[in-house]
Amino acid sequence: MLTEDQLHDLNQPLLAEHHLQFDYLADLLARRGQDAHQLILQLVEFQVAIPSWALGTGGTRFGRFPAGGEPRSLEEKIGDVGLLNQLNGSSNSISLHIPWDIPQDIAGLHQLLKEQGLSIDSMNSNTFQDQKEQAHTYKFGSLSATDRAVREQAIQHNIDCIRYGTDLGAKVHTVWLADGSNFPGQSHLRRAYLRTQESLATVYEALPSDWTMLIEYKPYEPNFYSMVIPDWGTSYTLCQSLGKQAQVLVDLGHHLPNTNIEQIVGRLRQLGRLGGFHFNGSGYGDDDLTTGSAKPFQLFLIFNELVDANQDTSLTASTVAYMIDASHNTKDPLEDLLQSVDNILGAYAKALLVDRAALQEAQEANDTVRAEEILRDAFLTDVRPLVAEAYRQAGGALHPVKAYREAGVRAQLIAQRGKFSLSTGL
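Residues numbered from 1 in each chain as written. Predicted model: local features only at pLDDT ≥ 70, side-chain atom pairs only at ≥ 80, totals over all residues. Heavy atoms only, no water.

1. Some details on the overall build of the protein chain
A count of helical and extended segments in the protein chain gives 16 helices and ten strands. Against the compact-globule benchmark of 22 Å for 426 residues, the protein chain has a radius of gyration of 22 Å, which places it among compact chains. The principal-axis extents of the C-alpha atoms in the protein chain amount to approximately 65 × 60 × 40 Å. For the protein chain, with 426 residues in total, the buried portion stands at 54%. Long-range pairs, those at least 24 residues apart, make up 81% of the contacts in the protein chain with a sequence separation of at least 6. By element, 50% of the accessible surface of the protein chain is carried by carbon and sulfur atoms, the whole surface being about 19,700 Å². Once the 34 positive and 52 negative side-chain charges of the protein chain are each reduced to a mean point, those two points are 5 Å apart. (Helix = DSSP H or I, 4+ residues; strand = E, 2+ residues; numbered from the N terminus. Rg over C-alpha atoms; globule rule 2.2 N^0.38 Å. Buried < 20%, exposed > 50% of the residue type's maximum accessible area, 1.4 Å probe, protein only. Contact = heavy atoms within 4.5 Å. Areas by Shrake-Rupley, 256 points an atom, 1.4 Å probe, with all protein chains shown as cover. Lys, Arg positive; Asp, Glu negative; His and termini not counted. Charge placed at Lys NZ, Arg CZ, Asp CG, Glu CD.)

Dropping the structure here:
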């Protein structure tokens, strides 16, 4: 949607101030023994997948307020992600949810992905909703259901997701279960777990040898007395029972209030079972708000654990799948995604600034204040010039949201697709 000339013209008025800010920061970092250009290379390399379901206005059970111009097909969703990647150079893949995004023209989709410089990152199954054509309801569970026919239906759906993903070149399959109970005695807690384990094992057998299965957890919602996979420990035990290709997925909104998520991240990385992230912002629960909007320091601390583990030579190198999982009513969804990527890269950049040697020395000496100050120094550093330069070097916009608005993208999308177009999904 945007040409190189347009991006150049959008960047041009911002360049002088950008160079001034970047040169100052680069000099400041050099005095600390850090190379700004090496940091930028790491930022450019970092990629976070865009979920197909976040490209339209989010909905709640109380109402939905579409912005207009929403993507009406998988092809249009790919076009929107291509636009986001044009603007920031950090979103070169898309995550699909089935059955919302069942691919039809495989050859055509491959060609479109190639033209946009994108790939399909992962497939996500949906057994938390009944679909019009399905034979059995998931009202009382899917992979954990007492009715074998329901379990077999859910298993087949997951296998179908893997098949679609294989056709499109994906390498990751994500399972999130809404299964659980609302009332004491409604479900036999141990047998529900065992049925889930058995069902997942069947899906795992269908997984290609170069794929990863991510198992997500959530403490509550839509069930409020029990969830079959309520925490990282349950997910971990399921992964252990399945095999090396099974990994835990951490959704930042899937935790009880005040949970120390960075500690969970550290533990899973140590255990070799951290497979992926769903990034979003949370004030109370699974709010699915803009990543880093409410708790930026927590996001930084999570990246601090990730960077620390990546630099620890005693740990086996690990591939982690990063994806945004946001959806809300009050923002232009594309602006929201651009903001999320910006906050994610900012947190990552700050984590890269942490003086690891000094921090370890302070920790070993039990110097609590010094250790905290080292983290605060990194967190309070304004890394926006680093992130902006990473965008520029990746061929994107110095200020993606500003460029998006000045280019009038939403108005163009409305003109093409209509004011009342609705994206598939929630």
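We are not done yet, so read on.
2. Overview of the packing of helix α6 (residues 148-168) against helix α7 (residues 189-205)
Between α6 and α7, the shortest axis-to-axis distance is 9 Å and the interhelical angle comes to 35°. Here α6 runs over α7; the crossing is right-handed. Contact residues: α6 offers Arg-148, Arg-151, Ile-155, Asn-158 and Ile-162, while α7 offers Arg-195, Glu-198, Ser-199, Thr-202 and Val-203. In terms of residue class, the contact of α6 with α7 is built from three nonpolar, three polar and four charged. (Axes fitted to C-alpha atoms, helices over the stretch in contact; angles between N-to-C directions. Left-handed = near helix turned anticlockwise from the far one by under 90°. Nonpolar A, V, L, I, M, F, W, Y, C, P; charged D, E, K, R; others polar.)

3. A look at the UniProt feature "domain: Xylose isomerase-like TIM barrel" (unreviewed entry) in the protein chain
In the numbering adopted here, UniProt assigns the feature "domain: Xylose isomerase-like TIM barrel" (unreviewed entry) to residues 103-285. Secondary structure over residues 103-285 splits into 39% helix and 17% strand, and the C-alpha atoms at its two ends are 32 Å apart. (UniProt positions renumbered as here; feature names shortened; annotations may be inferred.)

4. Remarks on the environment of Gly-281
With respect to the helices and strands, Gly-281 occurs in the loop between β9 (274-279) and α10 (296-310). Relative accessible area serves as the criterion here: at 4%, Gly-281 is assigned to the buried category.

5. What about the pairing of strand β6 (residues 212-216)?
With four of its five residues buried, β6 lies for the most part within the structure. Relative to β6, strand β4 (residues 172-175) runs parallel, the two being bridged by four bridges. For His-173, the partnering residue across the bridge sits in β6 and is Met-213. In this structure, β6 lies alongside strand β8 (residues 246-251), joined through four bridges in parallel fashion. Pairing of Met-213 across the sheet is with Ala-246, part of β8. (Pairing = 2+ DSSP bridges.)

6. Some remarks on the side chain of His-278
Structurally, His-278 can be placed in strand β9. When its relative accessible area of 3% is taken as the criterion, His-278 is described as buried. Of note is the side chain of His-278, whose polar atom sits 3.5 Å from the side chain of Asp-325. If sequence neighbours within four positions are ignored, His-278 has contacts with Asn-124, Thr-174, Glu-216, Leu-249, Val-250, Asp-251, Leu-252, Met-323 and Asp-325. (Polar contact = N/O pair within 3.5 Å; in protein donor to acceptor, adjacent residues only side chain to side chain.)

7. What to know about the nonpolar core
Formed by 114 residues in total, the largest nonpolar core has its most connected members in Phe-277, Phe-303 and Leu-386. With twelve residues, helix α11 (residues 333-353) is the single largest residue contributor to this core. Dropping the residues within four chain positions of it, Phe-303 is found in contact with Phe-46, Phe-279, Ile-344, Ala-347, Tyr-348 and Ala-351. (Core = buried A, V, L, I, M, F, W, Y, C linked by side-chain atoms within 4.5 Å.)

8. Remarks on the sheet that holds β4
Taken in spatial order, the eight strands of this open sheet run β1-β2-β3-β4-β6-β8-β9-β10, and their pairing is parallel. Whereas interior strands pair on both sides, the edge strands pair on one side only; in this sheet they are β1 (50-51) and β10 (321-324). Relative to β4, strand β3 (residues 119-125) runs parallel, the two sharing two bridges. Paired with Met-123 across the bridge in β4 is His-173. Along the sheet, α10 contacts β9 and β10; its crossing angle with β9, the most-contacted strand, is approximately 160°. In the packing of α11 onto the sheet, contacts are made with β1, β9 and β10, and the angle to β10 comes to roughly 140°.

9. Section: the packing of aromatic side chains
All chains considered together, the criterion is met by 16 aromatic pairs. Ring geometry for Tyr-220 and Phe-224: centres 6.1 Å apart, planes at 35°, overall tilted. By relative accessible area, which is 23% here, Tyr-220 ends up partly exposed. Ring geometry for Phe-279 against Phe-303: centres 5.7 Å apart, planes inclined by 10°, an arrangement best described as stacked. (Phe/Tyr/Trp six-rings, centres within 6.5 Å; stacked < 30°, edge-to-face > 60°.)

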